[in-house]
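Report on the structure
Each chain, written out:
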Amino acid sequence: MDPKKQRALVEYLMRQDRPVTAKELADFLNFSVRTVKSYISDINRCEKKSFVLSSHRGYEVNAAEAEQYLRRHRNQPTDIPQSYEDRAAYINRKFLTYHTDRLELYNLADELRYSVETIRGDFQKMNRSFSGLGIAYELHGDYAVLRADEQSLRKLARYTLLGEVPGQIVGYGDIRKAFSDVNVDAVKLLLEQALREHDFYVNDFGMLNLVMHLCIIIRRLKSNNVLMKGAPFAPDTGEMECQVTTQLCDQMSALFQIEFTTEERQNIYLLLKANANLSLRRDKQDFCRFIGPELLEFITGLLRRMDAKYYINLNSESFFFPFCMHVKNLIFRARHHQSTANPMSDVIRYSHPFIFDMAVFAASQISEEYGIQIETGEISYLALHIGGEMERQTSNQEKIRTALLCPAYLDFAAKMYNQLLIHFGEEIELVACVNAPEQLNRYRFDLLITTVDISKPEQAAYMVRIPFLGIQKYRGEITDAVSSIRERRRLRILKEEFDRFFSPELFFVNRDGRLTAKDIMRRAAEEMETAGVAQEGFYDRLLERELAASTAFPNIAIPHSMHLDAIKTSVCVMLCPKGVAWGGQTVRLVLTVAIHRTDAQLFGELYQALIGLFDNEKNLRQIVTKESFQEFREQLERMI
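This write-up is about the structure you can find in this document. Predicted model, so just to flag it, every value in this text is computed and none were measured. Starting afresh in each chain, residues are numbered from 1 along the sequence in its written order. A pLDDT threshold of at least 70 governs which residues receive local features in this predicted model, and a stricter bar of 80 or more applies before side-chain atom pairs are shown or counted, although totals over entire chains, interfaces and linings include all residues. Side-chain descriptors were evaluated using all non-hydrogen atoms of the structure, hydrogens and water having been removed beforehand.

Before going further, it helps to examine the sheet that holds strand β5 (residues 143–147). Strand order across the open sheet formed by 3 strands is β3-β5-β4, with antiparallel pairing between neighbours. The sheet is open, and its two borders are formed by β3 (102–104) and β4 (136–140), each paired with just one other strand. Along the sheet, successive strands turn relative to each other by an average axial angle of 25 degrees, direction set aside. DSSP calls a pair of strands paired once it identifies at least 2 bridges connecting them. Counting from the N terminus, the helices are the DSSP runs of H or I reaching at least four residues and the strands are the DSSP runs of E reaching at least two. Bridge analysis of β3 against β5 gives 3 bridges, and the strand direction is antiparallel. Between N-to-C directions, angles cover 0 to 180 degrees, with each direction set by a line fitted to C-alpha atoms, over the stretch in contact for helices.

Given below as structure tokens:
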């Protein structure tokens, strides 16, 4: 039997706070139920004791004996975290997935195959690395204790779990492999064409979700499996969603030689509404009627339990209704033995184990509630929904929160909403579309776009007035407002985070101008390593980045590593009043940056703020004449 699968089985049971059925374990390991039982029998036989316990409710483990088992059967050296970053990630995952605030140092040392002193040193570094998230690690004798409030734990969970989602969890190439019997590119083209012709906006995540579900529907209809009749409703044939649905179904029917029943058309209509935020806010009655109160209540409770277990909040409208739609159809497929295979299952399970773990938990809850068997392929589709929502939340963090105020006259609000997202969907997140000014008080936003002549609300940094006729002539004004808000945000970050990133120990002045660009980078690297914020070999990594492309701009250079491997994000300041030649430029301010990956997104904003601030010749002249860190700080605060 596979030792890795045996360890995975025991580790999965260790992470649960409840008995686990053989079916759930089978789904997680991609085994049959019979194989799971054989593995458990073999584990207990080899250990000469039954520490994997069985009852009518499922399997669970004796925690102390399971820990001893895992220490004895630890991964091979090639599987063990080798770097500080990898060890820190391993330790954080253990805190989070085992729902504990205390870990034994000697156990960690055995598991990671490093000395206890190395692990102690790692915790000291982790205090610097994760202080920005509000996390503290305390050493008490042979134990390490994690101190964090609920909000900080959620930040740590997002950072730790999203570390396994560096890019899109799945793309169109994966969908093509999963649906080799469906012309995925044709489905995508027809969908894009219908949306474009009706000025209907769906973001990238929504598009991917729609294409995937349309492929599921097409495959099902080609096998003559149709939806059962549900609660009837009559959508407004003048709605954009209804028009898009009619065009799409007619074209797909002709292309794939299939027939869309009334129920199938209603299903696609609701999928379109579920993936368009305006439709969600405008009218939820169709969803509630189609999904049903029982399933709505169950999914609400499920997301609440997942939040408590994984510290990840998935209860947003953009996730809730598409997920409900998917689960409703999943239940239908399971009851009629129409489960959809997913060739991406193994990739998702091993590349994104914690997201897959969340999906297994969701599947087990659905299975128990509705008395159905959920296959591994279906669990992978649940993982795609969860991973997609986590990606969407991360993407939206950089967007400008925007509200639209437009009276409900004919369909102007819907058209304007879609026009805004078509032109500015990559830059703004429309958090509200309201018909009356008093409704704005319910929302938090930075930019208000309004067709009504009102005074600027206090919560809005900027307001743009546009006429009913459209936004074409006002696109420049909206772009300027977005840029101004972004610049204000960057300067606010610089001010708020200054003391975390800058320090007197890393402030220097190249008064005589003798130091060259390489000298400055070498000096900065040595000082940052001595200060314990950069790892050994930082100069080599600075030079690697510099040789790839100069980090100099007019007046300022910002050398940094291509690797987000700092112990703590920090900036080393070198003022060069006489100037220094650097990559074809003459620079008078050098900011050497060491970046820890927890601050990657935040520092992107800070990086742009620093370039914008010192692109101003007057600002530069005022800053390079300073003699002390305190003077530097005070001058920077005046500029901001």
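Once the structure has been displayed, the description carries forward.
Moving on to the pattern of salt bridges. Criterion for a salt bridge: a side-chain nitrogen of Lys or Arg within 4 Å of a carboxyl oxygen of Asp or Glu. Overall, the coordinates contain 30 salt bridges when judged by the stated rule. Here Asp453 and Arg465 are joined by a salt bridge, their closest N and O atoms 3.1 Å apart. Remark: Arg465 occurs in strand β9 (residues 462–465) and Asp453 occurs in the loop between β8 (447–450) and β9; sequence separation between them is 12 residues. A salt bridge links Asp565 to Arg541, with the nearest nitrogen and oxygen atoms 3.0 Å apart.

The criterion for an aromatic pair is that two Phe, Tyr or Trp rings (for Trp, the six-membered ring) have centres within 6.5 Å, with stacked assigned to planes under 30 degrees apart, edge-to-face to planes over 60 apart and tilted to the rest. The tally for this structure, following the rule as stated, stands at 20 aromatic pairs. Between Phe130 and Tyr137, the ring centres sit 6.3 Å apart and the planes meet at 70 degrees, which makes this aromatic pair edge-to-face. For the pair Phe130 and Tyr137, a shared accessibility class is recorded, and that class is buried. Through a chain of ring-to-ring contacts, the aromatic side chains of Phe95, Phe123, Phe130, Tyr137 and Tyr159 assemble into a single cluster. Think of it as a cone above the ring: NZ of Lys or CZ of Arg counts as a charge over the ring if it is within 6 Å of the ring centre and within 35 degrees of the ring normal. The ring of Tyr539 carries the charged tip of Arg522 above its face, separated from the ring centre by 4.7 Å. Exposed residues in this analysis have more than 50% of their type's maximum accessible area, buried residues have under 20%, and partly exposed residues fall in between, with area computed by a 1.4 Å probe over protein chains only.

Examined against the element boundaries, Arg486 turns out to sit in helix α22 (residues 475–501). Not counting chain neighbours up to four residues away, the residues in contact with Arg486 comprise Glu398, Ile400, Glu427 and Glu605. In what follows, a contact means two residues having at least one pair of non-hydrogen atoms within 4.5 Å.

Attention now moves to the nonpolar core. Phe123, Phe179, Ile299 and Ile366 are the most contacted members of the largest nonpolar core, which totals 131 residues. Counting residues per element, this core draws most heavily on helix α11 (residues 204–222), at 11 residues. Grouped together as the second largest cluster of nonpolar side chains are 31 residues, Phe501, Val509, Leu606 and Ile623 included. Nonpolar cores were defined as sets of buried Ala, Val, Leu, Ile, Met, Phe, Trp, Tyr and Cys residues, with membership established by side-chain atoms within 4.5 Å.

With that settled, consider the packing of helix α1 (residues 3–15) against helix α2 (residues 22–29). At their nearest, the axes of α1 and α2 sit 11 Å apart, and the two run at 125 degrees to each other. By the criterion of interaxial angle, the relationship of α1 to α2 is oblique. Crossing of α1 against α2: the hand is right-handed. Residues Lys5, Ala8, Leu9, Tyr12, Leu13 and Arg15 of α1 touch α2, and the partners they reach there are Glu24, Leu25, Phe28 and Leu29. Grouping the amino acids of the contact of α1 with α2 by side-chain chemistry returns 7 nonpolar, no polar and 3 charged. Each angle receives one of four descriptions, namely roughly parallel if under 35 degrees, roughly antiparallel if over 145, roughly perpendicular if within 65 to 115, and oblique otherwise. Take the far helix as your reference; a near helix turned counterclockwise from it by less than a right angle gives a left-handed crossing, and one turned clockwise gives a right-handed crossing. Following the grouping adopted for this structure description, the nonpolar residues are Ala, Val, Leu, Ile, Met, Phe, Trp, Tyr, Cys and Pro, the charged ones are Asp, Glu, Lys and Arg, and the polar ones are all others, Gly among them.

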